[in-house]
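One-letter residues, chain by chain:
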Amino acid sequence: MRTLLFICLVGLFSLSSYAESAKPRYLVVPKSVNSPYFDEVERGCIAAAKELAVECLYVGSYEADARFQDRIIAERLSEHIDGIAVSVINSRVLVNRSMLLAAKQSVPVVTFDSDFSAKVLAQNPALRASYIGSDNFQFGFQLGLLAKRFKPEGGIFCVLSGHRAASNMQQRLAGLYAALGPQNSENSSWEEHSRCPIYSDDDAERALSNLEKMMRLHVYAPELLDVLINLGTGAQSEVLKYSDEVGRYQDVIDSQQLVLLFGDTLPSQKKLLEADLAHGNVGQRPYDMGYQAIYTLHALNQGKPVQPIIYTPLEVCVAGKQPLCQ
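A few points on the structure.

Analysis parameters
- Residues numbered from 1 in each chain as written.
- Predicted model: local features only at pLDDT ≥ 70, side-chain atom pairs only at ≥ 80, totals over all residues.
- Heavy atoms only, no water.
- Helix = DSSP H or I, 4+ residues; strand = E, 2+ residues; numbered from the N terminus.
- Contact = heavy atoms within 4.5 Å.
- Expected span 1.5 Å × (residues − 1).
- Buried < 20%, exposed > 50% of the residue type's maximum accessible area, 1.4 Å probe, protein only.
- Polar contact = N/O pair within 3.5 Å; in protein donor to acceptor, adjacent residues only side chain to side chain.
- Core = buried A, V, L, I, M, F, W, Y, C linked by side-chain atoms within 4.5 Å.
- Disulfide = S-S within 2.5 Å.
- Axes fitted to C-alpha atoms, helices over the stretch in contact; angles between N-to-C directions.
- Parallel < 35°, antiparallel > 145°, perpendicular 65-115°, else oblique.
- Left-handed = near helix turned anticlockwise from the far one by under 90°.
- Nonpolar A, V, L, I, M, F, W, Y, C, P; charged D, E, K, R; others polar.
- Phe/Tyr/Trp six-rings, centres within 6.5 Å; stacked < 30°, edge-to-face > 60°.
- Lys NZ or Arg CZ within 6 Å of the ring centre and 35° of its normal.

Following the sequence through the fold, Gln269 ends up in helix H11 (residues 267-274). Excluding its chain neighbours within four sequence positions, the residues that come into contact with Gln269 are Thr233, Gln236, Phe262, Gly263, Asp264 and Asn281.

Okay, structure coming up:
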């Protein structure tokens with residue numbers, strides 16, 4: 001089977017056991033469960049559910065697939081749930097089916113990490129009650145400031161991203177472009193490589209392959225690439241493979257001829273910075289997203305008002321600096 005479903009439940013769960021438990025049940029759907037980033041979301045979900053004496057149904061697929069997200073939500077709606085939190089891959093896919101079912105059943109919806117697109121929200125203002133996560137425009141803007149910090153004279157950059165349709169990636173890209181200023185003109189100091197952005201569809205192996213190909217390009221033609229900007233964890237998801245691949249270019253990294261910047265600051269990513277296998281990261285708080293998602297859904301279930309946007313903090317980490325992150 002192309003995509004395997006992974007289910008992590010807090011408390012006892014059975015397809016037909018809702019009547020046996022009076023606990024509210026909240027569904028949390030990440031983009032995929034094959035990611036250390038979303039592992040942190042799960043931890044936050046579990047902690048909040050324990051504090052509130054509710055159930056966290058953490059359900060996702062191993063591959064980031066919008067249609068499987070849609071199917072997961074539709075199936076769980078048939079079993080009774082009291083709220084939905086989803087990290088949106090493709091707004092259009094969810095809106096056309098599972099979100100219609102949620103609205104019909106009056107099940108509240110919040111988003112985390114990645115919101116519905118601005119266009120979809122404008123057409124459906126009541127689609128979700130709250131977005132919980134990073135200010136993704138600011139996230140991208142901070143990545144742009146890091147690029148300028150390492151290359152104050154500008155240069156040629158390439159963006160490596162996850163899903164083309166994911167609104168958080170689009171917002172980060174917009175923030176990055178805003179920070180770097182006009183590109184590809186006579187008066188600009190920054191130019192985007194013609195192959196870029198390059199998308200991995202949140203596949204860690206593909207993300208690492210994309211990174212390695214662009215690093216190889218730099219080795220063969222240094223004048224064609226100065227900065228690689230990864231909008232998420234991407235290639236750093238599999239730490240050992242990343243270390244092996246990128247370690248072969250240690251002289252390039254040490255000289256800062258090619259600068260490597262990443263989104264997210266998971267503990268494993270901070271270790272890569274400390275090992276001088278990257279130059280800088282902009283991080284977010286996935287644990288807080290999972291935690292706040294449960295608390296927000298529980299408030300909605302109790303008829304309490306919630307904020308339409310709940311931003312979680314960002315941090316910027318730079319190799320060789322003390323402290324590493326600010």
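Turning our attention to helix H1 (residues 36-52). Along an α-helix, residues three or four apart share an orientation, since each turn contains 3.6 residues. The terminal C-alpha atoms of H1, which comprises 17 residues, lie 25 Å apart, in line with the 24 Å expected from a rise of 1.5 Å per residue. Regarding H1, the residues found buried are Tyr37, Phe38, Val41, Glu42, Gly44, Cys45, Ala47, Ala48 and Ala49. One side-chain oxygen at the N-terminal end of H1 lies 3.2 Å from the backbone nitrogen of Tyr37; it belongs to Ser35. Downstream of H1 by one or two residues, Ala53 has phi in the positive range, about 60°.

Structurally, Ser130 is set in strand S6 (residues 130-133). According to the relative accessible area criterion, Ser130 is buried, its value standing at 0%. From its side chain, Ser130 meets the backbone oxygen of Gln307 in a polar contact 2.7 Å long. Aside from chain neighbours lying at most four places away, what touches Ser130 is Val109, Val110, Thr111, Thr296, Val306, Gln307, Pro308, Ile309 and Ile310.

The next point concerns the nonpolar core. Within the largest apolar cluster, 29 residues are counted, with the highest numbers of intra-cluster contacts made by Leu211, Met215, Leu228, Tyr242 and Leu260. Listing elements by their share of this core, those giving two or more residues are strand S7 (155-161), helix H8 (204-220), helix H9 (239-247), helix H10 (250-255), strand S11 (259-263) and H11. With six residues, H8 is the single largest residue contributor to this core. Setting aside chain neighbours within four positions, we find Met215 in contact with Leu228, Val246, Tyr249, Ile253, Leu258 and Leu260. Counting residues in each nonpolar core, the second largest holds 22 residues, with Cys45, Ala48, Val54 and Phe112 among its members.

By the definition in use, this model includes three disulfides. Put simply, Cys45 and Cys56 are joined by a disulfide, and their sulfur atoms are 1.6 Å apart. Residues Cys45 and Cys56 are joined by a disulfide whose S-S torsion is about 110°; by sign, that bridge is right-handed. With a gap of eleven residues between them, Cys45 in helix H1 and Cys56 in strand S3 (residues 55-61) connect regions that are remote in the sequence. Disulfide partners in the protein, listed by the sequence order of the bonded cysteines, are 1-2, 3-4, 5-6.

Here the bond from Cys196 into Pro197 is cis, since omega is 0°, no more than 30 degrees from zero. Residue Pro323 is bonded to the preceding Gln322 through a cis peptide linkage, with omega at 0°. Structurally, the position occupied by Pro323 is in the segment after strand S14 (315-318). Here Asp113, not a glycine, exhibits a phi torsion of approximately 70°, which is positive. Inspection of the secondary structure puts Asp113 in the loop between strand S5 (109-112) and helix H5 (118-123).

Turning our eyes to something else, we now look at the packing of helix H6 (residues 136-150) against helix H7 (residues 167-180). Axis separation between H6 and H7 bottoms out at 6 Å; the angle between their running directions is 40°. As summarised for this structure, H6 and H7 are arranged oblique, according to the angle between their axes. Helix-helix and strand crossings are classified by hand; for H6 and H7 the assignment is right-handed. Only Asn168, Gln171, Arg172, Ala174, Gly175, Leu176, Ala178, Ala179 and Leu180 of H7 make contact with H6, whose side of the interface consists of Asn136, Phe137, Phe139, Gly140, Phe141, Leu143, Gly144, Leu145, Ala147 and Lys148. Residue classes in the contact of H6 with H7 are distributed as eleven nonpolar, six polar and two charged.

Inspection of the secondary structure assignment puts Tyr26 in strand S2 (residues 25-29). Sequence separation between Tyr26 and Val109 is 83 residues, and the spatial gap between their C-alpha atoms is 9.9 Å. In this structure, Tyr26 is in contact with Val54, Glu55, Cys56, Leu57, Asp82, Gly83, Ile294, Leu297, His298 and Asn301, ignoring residues within four places of it in sequence. At 3.2 Å, the side chain of Tyr26 and the side chain of Asn301 are in polar contact.

Further remarks concern the packing of aromatic side chains. According to the stated counting rule, one finds eight aromatic pairs in the structure shown. Put simply, the rings of Tyr37, Phe38 and Phe112 pair up and form one aromatic cluster. The aromatic ring of Phe68 is capped on one face by Arg71, whose charged end is 4.6 Å from the ring centroid. Cation over ring: Arg172 sits above Phe139, and NZ or CZ is 4.0 Å from the ring centre.

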